[in-house]
Amino acid sequence: IKLLIFGILLIGFALYKMQTVFTSRSDLREIRGTVRAADIYVSTVTDRRGRESRKSELIFYLNERQQKFCLTANIGKAYQNDRFRKILAGISQADTLSVWVDKDEVDVYEPTVFQIDNQHKTLLEFEKVRRGGSPVVIVCLVFGIASILGFLWFRYPRVLDRMWN
């Protein structure tokens, strides 16, 4: 039964992450404003097995909105995230900033950020955000389906034999 639960959880997670992978530009809305505060925070996280790694968060706020915009990445053993440093530099230099979020999350306190533009260039590209979750979705779907089929195979081997033969 653990195999079945594991498979269902993996498929559920994959379906949740699919929202990001299958988001199109027409699903995005622009939030424009001036930067109130922006900074990068690095913290140590520990998984269930006691292994430590570092998590980098780029958090910024716009004066015109009561929202927190956050980008998060696991940076392993590194002490800084160069990609976030470049984005932060672009945010800090901006007079105005355009943040692109899903149209259903425009009024959510912490929406998923798909693209960031300042008046000069794109700091975070939509395609990189969208494609970043693709491998995770595929792996979770494959292992989820395999787990459910494994459960069914061990639980009902004769039924599956008749179906495939």
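Before any of the text, the structure's been laid out above.
Now for a description of the structure that goes with this document. Model, not experiment: these values are computed from the prediction. (Residues numbered from 1 in each chain as written. Predicted model: local features only at pLDDT ≥ 70, side-chain atom pairs only at ≥ 80, totals over all residues. Heavy atoms only, no water.)

Taken in spatial order, the 3 strands line up as β2-β3-β4 in an open sheet, and their pairing is antiparallel. The open sheet has two edge strands, β2 (35-46) and β4 (69-76), and neither has a second partner. Neighbour-to-neighbour, the strand axes of this sheet turn through a mean angle of 15 degrees, independent of strand direction. Where β2 and strand β3 (residues 52-62) come together, 11 bridges link them in antiparallel fashion. Of the residues in β3, the one forming a bridge with Val 42 is Ser 56. (Pairing = 2+ DSSP bridges. Helix = DSSP H or I, 4+ residues; strand = E, 2+ residues; numbered from the N terminus. Axes fitted to C-alpha atoms, helices over the stretch in contact; angles between N-to-C directions.)

With that out of the way, let us pick up the environment of Leu 62. By secondary structure assignment, the location of Leu 62 is in strand β3. Taking the relative accessible area as the measure of exposure, Leu 62 reaches 0% and is therefore buried. Residues Leu 62 and Ser 98, spaced 36 residues apart in sequence, show a C-alpha to C-alpha distance of 9.8 Å. Beyond its immediate stretch of four places on either side in the chain, Leu 62 contacts Ile 31, Arg 32, Gly 33, Thr 34, Val 35, Arg 36, Phe 69, Leu 97 and Val 99. (Buried < 20%, exposed > 50% of the residue type's maximum accessible area, 1.4 Å probe, protein only. Contact = heavy atoms within 4.5 Å.)

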